[in-house]
Amino acid sequence: MKVAVFNTKSYDRNFLETTNANYNHDLVFFEPRLTQETTALAVGFSAVCVFINDQLDKTTLRVLAAQGTKLIATRSAGFNHIDLNAAAEFGITVVRVPAYSPYAVAEHTVGLILTLNRKIHRAYNRVREGNFSLDGFMGFDLHGRTVGIIGTGKIGFLVAQILHGFGCQLLAYDLYPNPDCEALGVKYVDLQELFATSDIISLHCPLTPQTRHLINAQSLAQMKSGVMLINTSRGALIDTQAVIDALKSRKIGYLGLDVYEQESNLFFEDLSTEVIEDDVFQRLLTFPNVLITGHQAFFTEDALQNIAQTTLSNISDVESGRPCPNEVSAQRVVATKSG
Ligand code: NAD
């Protein structure tokens, strides 16, 4: 299939090109993100391959369909960047990579917890400058602390499994309790109890209308003073301004983010010589107890290999008319949510 691969970095290209030896698709790589302004690059391509910060709103999809695009293959698990109703309306099939490495994201999550707690990122710089003072570096034992996990699917379960090894007490909230978590001894509680009793709260649910700004002024008010909040899921689960207020009032003692509500204007690009105009993001960076990574939790060689493999296999399925297990549609999402 002739595929326009948008938003490609050298690492995407390397893995897709190598894996394509087994598939023989006609891949053409474009560095720009897919936006309304760049849709013209996709003229003549029946498939368009995208990532999470590409824009697949109704207007873009209408133009793509008119240009002959029949398939959107996203190299991500999440698909909140794609208007599925519009895709259906314009006869465009959407496929995704439901799981490429939940281990990568779970391990990065625990990395954020450990780094924030023990100030490893600050110790790195201090020691290199010959400063061996320990002032400001005191942490706490994870053993025995209570961790609340919101969303216990593939990633949330693995976070629970790793932290179980550390000897943490594990609480969870999910619409559908995971029997593997229950077998591990995770206790399912309502959100109110999770907020009130957790020392660390980690978010692993998808972004939906129900979960948007799940962490807001009201939920923060219910949390323990000095709580550690970790978000490696989606930025808009958090009301960032409310979190800034909670950092200023010391309600939040530690904040670890791999995702940010307005990240599509920032992440994955080298902006080190640019003026960043996002004052909310810049304010977050001023706190000593905030650690932000730029949506890199997924970024392992294992995950990139799986993304390339599943994406190309999805495209082959659709090309040959086979049912693709990784197709997403508005109806299927509604059906999954209702049980
Ligand atoms: P998953 O579908 O396996 O698990 C999601 C869980 O959230 C499910 O158990 C579901 O029942 C639960 N859930 C849904 N709505 C909920 C609600 N309103 N309240 C509580 N729980 C709810 O997904 P996963 O593979 O574990 O991924 C979790 C999230 O991680 C994804 O949605 C994605 O946003 C994010 N993610 C981030 C990265 C990264 O690099 N930072 C990479 C992959 C995925």
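Criteria and thresholds
- Sequence order as written defines the numbering, with residues in each chain counted from 1.
- In keeping with the predicted nature of the model, local features appear solely for residues at pLDDT of at least 70, side-chain atom pairs appear and are counted solely at 80 or more, and the whole-chain, interface and lining totals rest on all residues.
- Based on all heavy atoms of the structure, the side-chain values leave hydrogens and waters out of the count.
- Summary of the distance rule: residues count as near a molecule or strand when at least one heavy atom falls within 4 Å of that molecule or strand.
- Under this definition, polar contacts are N or O atom pairs within 3.5 Å; protein pairs additionally need one hydrogen-donor-capable and one acceptor-capable atom, and for neighbouring residues in sequence, both atoms have to be side-chain atoms.
- Amino acid classes used here: Ala, Val, Leu, Ile, Met, Phe, Trp, Tyr, Cys and Pro are nonpolar; Asp, Glu, Lys and Arg are charged; the rest, including Gly, are polar.
- Between buried and exposed lies partly exposed: a residue is buried under 20% and exposed over 50% of the maximum accessible area for its type, with that area taken using a 1.4 Å probe on protein chains only.
- Labels follow the DSSP assignment, with helices taken as runs of H or I lasting at least four residues and strands as runs of E lasting at least two, numbered in each case from the N terminus.
- Note on pairing: DSSP must find at least two bridges between two strands before they are called paired.
- By convention, orient the strands away from the viewer: a clockwise path from the first strand over the helix to the second makes the crossover right-handed.
- Working definition: rings of Phe, Tyr and Trp (its six-membered ring) pair if their centres are within 6.5 Å, and the pair is stacked with planes under 30 degrees apart, edge-to-face with planes over 60 apart, and tilted otherwise.
- Placement of a positive charge over a ring is assigned whenever Lys NZ or Arg CZ falls within 6 Å of the ring centre and within 35 degrees of the normal to the ring plane.

**Observations concerning the site of the ligand**
- Taken together, 22 residues lie near the ligand, and Lys154, Ile155, Asp174, Thr232 and Asp258 sit nearest.
- In this structure, Ile155 approaches the ligand through a main-chain N or O atom, which is 2.8 Å from an oxygen atom.
- Thr232 is positioned with one of its backbone polar atoms (N or O) 2.9 Å from a nitrogen atom of the ligand.
- Residue composition of the shell around the ligand, by class: ten nonpolar, eight polar and four charged.

**Comments concerning the pairing of strand β2 (residues 26–29)**
- Burial along β2 is one-sided: Leu27 and Phe29 are buried, and none of Asp26 and Val28, which face the opposite way, are.
- The sheet contact formed by strand β1 (residues 2–5) and β2 spans four bridges and is parallel. If you follow Lys2 over to β2, its bridge partner there is Asp26.
- With respect to chirality, the unit in which β1 leads through helix α1 (residues 10–19) into the neighbouring parallel β2 is right-handed.

**Here we look at the packing of aromatic side chains**
- In the structure shown here, the tally under the stated rule is ten aromatic pairs.
- Taken together, a centroid distance of 4.6 Å and an interplanar angle of 70° make the contact between Tyr11 and Phe299 edge-to-face. Separated by 288 residues along the polypeptide, Tyr11 in helix α1 and Phe299 in the loop between β12 (290–292) and α12 (301–319) bring together distant segments of the chain.
- Judged by its relative accessible area of 25%, Tyr11 is partly exposed.
- With a relative accessible area of 40%, Phe299 lands in the partly exposed category.
- Here the aromatic rings of Tyr100 and Phe298 are separated by 6.4 Å at their centres, their planes lie at 85°, and the arrangement is edge-to-face. Remark: Phe298 occurs in the loop between β12 and α12 and Tyr100 occurs in the loop between β5 (93–95) and α4 (102–118); sequence separation between them is 198 residues. Comparing Tyr100 with Phe298, the two get one shared label, buried.
- Above the plane of the ring of Phe45 lies Lys2, whose end atom (NZ or CZ) is 4.6 Å from the centre.

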